[in-house]
Structure formats: structure tokens, C-alpha cells
Amino acid sequence: MPRVTFREERCKGCGQCVIACPKKIISFSEKLNEKGYHPATVTEDKMKDCIGCASCGRMCPDLVITVEK
């Protein structure tokens, strides 16, 4: 099963990954990271819907996202 991880401390909340995800499973966290942004995240219950396409990782300008297949 594919797994998406985010380096939340580096995320600036630009939303490019949210737009790029074909399954629409990425959202913004309620908590703030140390830079003061709401980082992108995928909740555990939505992780099962990930297809491992890595569109989110390709769109991220800060290399925050890792997709494992």
C-alpha cells in the first residue's frame, strides 16, 4: 500500500499538493508548524485511498513530500 509522508516542519502551506492530488486526500493540518504555517497532511483514515501516483511530490516546491510504494 502506498504511503505519503510530509516533512511538516518545512511545509509553507502553498497548497500545490492539495490541488495536484487526484484522490483529494491531502488537506491542511489544524496545528501550526514552527514557521507558523498550517502544513499539508494526509490523515491515517484517508491514507488507504492513496494510489501512489506521486503527483503531490512532483508539485511540491520545497521537497516536503515523500511517496513510498
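The coordinates are above.
Every chain's residues receive numbers from 1 upward, in the order its sequence appears when written. Where local features are concerned, this predicted model is filtered to residues with pLDDT of at least 70; where side-chain atom pairs are given and counted, the filter is 80 or more; whole-chain, interface and lining totals use all residues. Note that the side-chain values use all heavy atoms of the structure and ignore hydrogens as well as water.

Chemist: Outline unusual backbone geometry, supporting the account with residue identities and numerical values.
Modeler: The phi angle of most residues is negative, glycine excepted, and most peptide bonds adopt the trans form. Here the phi dihedral of Lys24 falls at roughly 55 degrees; this positive angle occurs in a residue that is not glycine. For Lys24, the location among the structural elements is in the loop between helix 1 (16–20) and strand 2 (27–28). Positive phi is not limited to glycine here, since Ala54 has a value of about 65 degrees. In this text, helices come from DSSP runs of H or I with a minimum length of four residues, and strands from runs of E with a minimum of two, each type numbered from the N-terminal end. Among the structural elements, Ala54 can be located in the loop between helix 2 (44–47) and helix 3 (55–59). Think of it in three bands: with a 1.4 Å probe and only protein chains considered, a residue is buried below 20% of the maximum accessible area for its type, exposed above 50%, and partly exposed in between. For Ala54, a relative accessible area of 22% corresponds to the partly exposed category.

Chemist: Let's hear about the environment of Thr66: which residues, and what values?
Modeler: You can see Thr66 is positioned in strand 4 (residues 65–68). You can call Thr66 partly exposed: its relative accessible area is 37%. Between the C-alpha atoms of Thr66 and Lys48, which are 18 residues apart in sequence, the distance is 16 Å. In contact with Thr66, other than residues within four places in its own chain, are Arg3, Val4 and Thr5. Should any heavy atoms of two residues lie within 4.5 Å, those residues are counted as being in contact.

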